[in-house]
Amino acid sequence: MSIESIIKSKVVEAVNSCYGQGIEEKTVQIQKTRREFEGDLTVVVFPFLRFSKKSPEETANELGQFLTENIEAVSAFNVVKGFLNLVIDNSHWISVLNEAVKTENYGFTPLAEGAKKVMIEYSSPNTNKPLHLGHIRNNLLGYSVAQILKANGYEVIKVNLVNDRGIHICKSMLAWLRFGEGETPESTGIKGDHLVGKYYVKFDQEYKKEIEALVAEGMEADEAKKQAPLLLEAQEMLRKWEAGDEETVALWRKMNDWVLEGFDITYKKMGVDFDKVYFESDTYKKGKAIVEKGLADGELYQKDTGSVWANLEADGLDHKLLLRDDGTSVYMTQDIGTAFERFDEFNIDEHVYVVGNEQNYHFQVLSLILGKLGYEWHDKIQHLSYGMVELPEGKMKSREGTVVDADDLMEEMVNTARETSKELGKLEGYSEEEAEDVYEKVAMGALKYFILKVDPKKNMMFNPKESIDFNGNTGPFIQYTYARIQSVVKKAIDTGFEIPEAASSNLNISEKESFLIQMVANYPTVIKEAGKETSPAQISNYVYDLVKEYNQFYHDHPIAKEENTDLRAFRLVLSKQIGEIIKSGMSLLGIGVPERM
RNA sequence: GGUCCAGUAGCUCAGUUGGAUUAGAGCAACAGCCUUCUAAGCUGUGGGUCCCAGGUUCGAAUCCUGGCUGGAUCACCA
């Protein structure tokens, strides 16, 4: 049991014995004592005044008296206004540290029998162009949240839904047919997704030319957009594809494979993966039967023209189309179908969708309609919504070429990491291969941390110059501290010092040291909180604070050079444990840590 | 217009289940610390009407109401 919960229950006892009043444990507020005051933990006594009917100071004194007498670890107390500051014994903190050290996967809840099963869908790219910065945020969030949920004892299934059909795919196909002259990834050496993306852009350019030509002939702009021959041809291609025309499907398959091969390389470099990949070309007709059943049950209604709708006015929303006049499905229909299948097939308890905030409305409606159709799990779908990534020059627009390409960005990061590392020259004795591994870890650590430290729901600014800064609140700063700890521990061992399994509890430790242990003690709570909020940012903020504190400690305290061997042992145990937490916390963000850098 | 989200230092962000005269980091600027465990580090200085106005209370950046600004969304597109 943690010291906080012991104090809580004792405060309840104290209020009862001093004032004869029963209170609930949750009314007891415990917080870290502010730096400027003496003590470790603070009880806020204001809520108890109406029971004690005494001044805040007096009440705090009486409770403090009771707690020091009744809790072994509490050695002293002081009162500032209505705040009761408790001093916790050093030996207690050291035992907390020792406990953490011997716990395997400290802070993690192991996967147990009957664990909750959660599916998380993320990435979900279109196969007409390469991945860009916005996708990076999506992928990093999805992967990290999956890691965090696993650490909370969930059984996690990661899935990707590839959007591989539709008019936008046909545009790339058509442009390639027209202007491609048989180019392939092999013939050009261009990564498949980039090659296809090139023709998606090409389509747009040629299409615009056609519109201009039509307008020059006197056609209205809106009409020209609809009548441009290229567009009509792309639409014709989509019809052929849907009819299963062999030639079209073969072309589609060939170009999709190029893109998917390209994506695999990008995913691998990003360090994300999936347990199952769905293709929209397989799923886009799903959900129809469910909608028809809903219509028969009277939950949905049909217009004279044949289309089927859901009336959401009771929930303050509009009407939503589910089947067109011609009976074909829309996006929402498909999502209803796949959600049903997933809950049915995998027997999942929850489903998280990592999708940008422009689809907030869509997911709100999805949940409402599923509820209307009588699925009790409709409130178990969670939209993990994230904001846009903006650039200093404004928004990213694929057509204007202001997108930041994922592959380019990652390559640039690695180059910068390589340069910086070579300047600092700390990797002597490493082989080329080992050194490259470090550059990659540092580069990806910088990128991932930069993106994940921001609260997902906020729009974020991506400044390329700042993102490659390796000082301050950055991934490399944290990785550096880890590498430094490994170096110190290694030096200590090299001198023949044996680091014990547990530190001696009878030591005089500094405030900084006891504070570091309190942070160590907090790690499990942080993981739980991050899981509850599905927020990697909570992990990154915690790890940053921990590292910041550790670096101050490192600066002021000798570790391997401490002469008192018990104290040296303690500091090494503490350092090693903090190293473990850094490694573990970073793994929850999908970031690796190098042993040297 | 309706709905949802955001607004904290010059810039990028923490802090939001209400808590301590003094609201925290990083970057940028300036000034220090490497013959001693990794200086991708540490220390210091300057920098704030926490968007505005009311309200709730012992106490509000945090909760409520109204407004302002920015973003997203409201298709027989996906």
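Source: prediction; values computed, not measured.

About the cut-offs
Residues numbered from 1 in each chain as written. Chains lettered and ligands numbered in written order. Predicted model: local features only at pLDDT ≥ 70, side-chain atom pairs only at ≥ 80, totals over all residues. Heavy atoms only, no water. Helix = DSSP H or I, 4+ residues; strand = E, 2+ residues; numbered from the N terminus. Buried < 20%, exposed > 50% of the residue type's maximum accessible area, 1.4 Å probe, protein only. Expected span 1.5 Å × (residues − 1). Contact = heavy atoms within 4.5 Å. pLDDT = per-residue confidence, 0-100. Pairing = 2+ DSSP bridges. Axes fitted to C-alpha atoms, helices over the stretch in contact; angles between N-to-C directions. 1 Å grid on protein atoms, 1.4 Å probe; cavity = no way out; pocket = protein on both sides within 12 Å on 5 of 7 lines; lining within 4 Å. Points joined across faces, edges and corners; volume = space filled by probe spheres on them. Nonpolar A, V, L, I, M, F, W, Y, C, P; charged D, E, K, R; others polar.

Moving on to unusual backbone geometry. You will see that Lys 53, though not glycine, has its phi angle at about 55°, which is positive. With respect to the element layout, Lys 53 can be found in the loop between helix 2 (49-52) and helix 3 (56-70). Exposure remark for Lys 53: the relative accessible area of 68% places this residue in the exposed category. Notably, Thr 534 is not glycine yet its phi reads approximately 40°, a positive angle. On the secondary structure map, Thr 534 appears in the loop between helix 20 (511-532) and helix 21 (536-556).

The subject of this paragraph is helix 5 (residues 133-151). Taking 1.5 Å per residue, 19 residues should reach 27 Å; helix 5 reaches 27 Å between its end C-alpha atoms and fits that length. For helix 5, the tally of buried residues reaches 18 of 19 residues, placing the bulk of the element in the interior. Gly 153, located one to two residues past helix 5, shows a positive phi value of around 85°.

Looking at the secondary structure, you find Ser 535 in the loop between helix 20 and helix 21. Relative accessible area serves as the criterion here: at 9%, Ser 535 is assigned to the buried category.

Turning next to helix 15 (residues 360-372). The terminal C-alpha atoms of helix 15 lie 19 Å apart, and with 13 residues this matches the ideal 18 Å at 1.5 Å per residue to within 8%. For helix 15, the set of buried residues is His 362, Phe 363, Val 365, Leu 366, Ser 367, Ile 369 and Leu 370. Each element contacted by the buried residues of helix 15 is listed here: strand 9 (308-311), strand 10 (319-323), helix 14 (331-346), strand 11 (350-356) and strand 12 (381-386). One or two positions beyond helix 15, positive phi appears at Gly 374, with a value near 95°.

This brings us to the confidence of the model for chain A. Confidence in the prediction of chain A, expressed as mean pLDDT, is 91, and 98% of residues score 70 or more. The ipTM, which scores confidence in the relative placement of chains, is 0.94 for this predicted complex, and the corresponding pTM is 0.94.

Below, the discussion takes up the environment of Asp 273. The topology assignment puts Asp 273 in the loop between helix 11 (246-270) and strand 7 (276-279). Sequence separation between Asp 273 and Val 159 is 114 residues; the distance between their C-alpha atoms is 8.6 Å.

Strand pairs in the sheet, formed through backbone hydrogen bonds, run parallel or antiparallel to each other. In space, the 3 strands of this open sheet follow the order 8-9-10, with antiparallel pairing throughout. Edge positions in the sheet fall to strand 8 (301-302) and strand 10, since each has one partner strand and no second. As defined by bridge partners, strand 8 adjoins strand 9 across 2 bridges and the pair is classed as antiparallel. Paired with Gln 302 across the strands is Val 308, a residue of strand 9. Of the strands in this sheet, strand 8, strand 9 and strand 10 touch helix 13 (residues 288-296), which is tilted by about 120° from strand 10.

What follows covers the layout of surface pockets. In this model, the largest pocket occupies a volume close to 1,400 Å³. Ser 124, Asn 126, Asn 163, Tyr 331 and Gln 359 are, among the 46 residues lining the largest pocket, the residues nearest its centre. Contributions of two or more residues to the lining of the largest pocket are made by helix 5, helix 14, strand 11 and strand 13 (389-390). Looking at side-chain class alone, the lining of the largest pocket contains 15 nonpolar, 17 polar and 14 charged residues.

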